[in-house]
Amino acid sequence: MNLNKGKVVYVLDASFFINLPALQIPEGECYTTPLVVDELKDSRSSLLEEVMSLLRALKIMSPSKDTCKRVEVVSRRMNLDVSRADISVLALALMLKEEGKSPIILSDDYGIMSIAEALEIKFNPITTRNFKRIHKVITYCPVCGRTFKRKTICPICGVRLRRKLKLLK
Ligand SMILES: [Zn+2]
């Protein structure tokens, strides 16, 4: 008998923290991945400490490479631009689902939600209506450091842009 069968667990992506209303996480088992933690660590702010203490209540787990590859295949087929951290969140949820749990991804990232739907993973968009925005997402080039909007490749260096969170004061 599998005691974990059908157990609802939450998988949080970085956008969960972007739109975090009151620095709290849902009750129950919450997961995220090391890549999401790295993304959050990249942000500089007075609130970072609170976000980090919140992360201590989560289970930080890496999905298997095989599961990541399967998610990548789906994202490429859907032609969606998602970060490695996003892929890791989806792959972790998929892994938990295949272990017999009922994962729910908490995110308001369009790419994540679309791929979750394709993988038949439940998701719960974070409603931003009553939430105070405490972060914004910066898309930057890891080589020259310039920031861009609505680009995926640096037009100067030709490398893939990364995203990080900037906490608003
Ligand atoms: Zn560049």
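Coordinates for the structure precede this section.
Here goes a summary of the coordinates provided. (Residues numbered from 1 in each chain as written. Predicted model: local features only at pLDDT ≥ 70, side-chain atom pairs only at ≥ 80, totals over all residues.)

**So, the sheet that holds strand 4 (residues 102-107)**
- In spatial order, the strands read 3-2-1-4-5; together these five strands make up an open sheet with parallel pairing. What marks the edges here is a single partner per strand, and that holds for strand 3 (59-60) and strand 5 (122-125).
- Pairing of strand 4 with strand 5, which is carried by four bridges, proceeds in the parallel orientation. When the bridges of strand 5 are listed, Ile 104 appears paired with Lys 122.
- Against the sheet, helix 6 (residues 110-118) engages strand 4 and strand 5, with an angle of about 160 degrees to strand 4. (Pairing = 2+ DSSP bridges. Helix = DSSP H or I, 4+ residues; strand = E, 2+ residues; numbered from the N terminus. Contact = placed C-beta atoms within 7 Å. Axes fitted to C-alpha atoms, helices over the stretch in contact; angles between N-to-C directions.)

**Some thoughts on the packing of helix 4 (residues 65-77) against helix 5 (residues 84-98)**
- Where helix 4 meets helix 5, the axes come as close as 8 Å, and the angle between the chain directions of the two elements is 120 degrees. Helix 5 is crossed by helix 4, and the crossing has right-handed handedness. Contact residues: Thr 67, Cys 68, Val 71, Glu 72 and Ser 75 in helix 4; Ile 87, Ser 88, Leu 90, Ala 91, Leu 94 and Met 95 in helix 5.
- Looking at the contact of helix 4 with helix 5, its residues break down into seven nonpolar, three polar and one charged. (Left-handed = near helix turned anticlockwise from the far one by under 90°. Nonpolar A, V, L, I, M, F, W, Y, C, P; charged D, E, K, R; others polar.)

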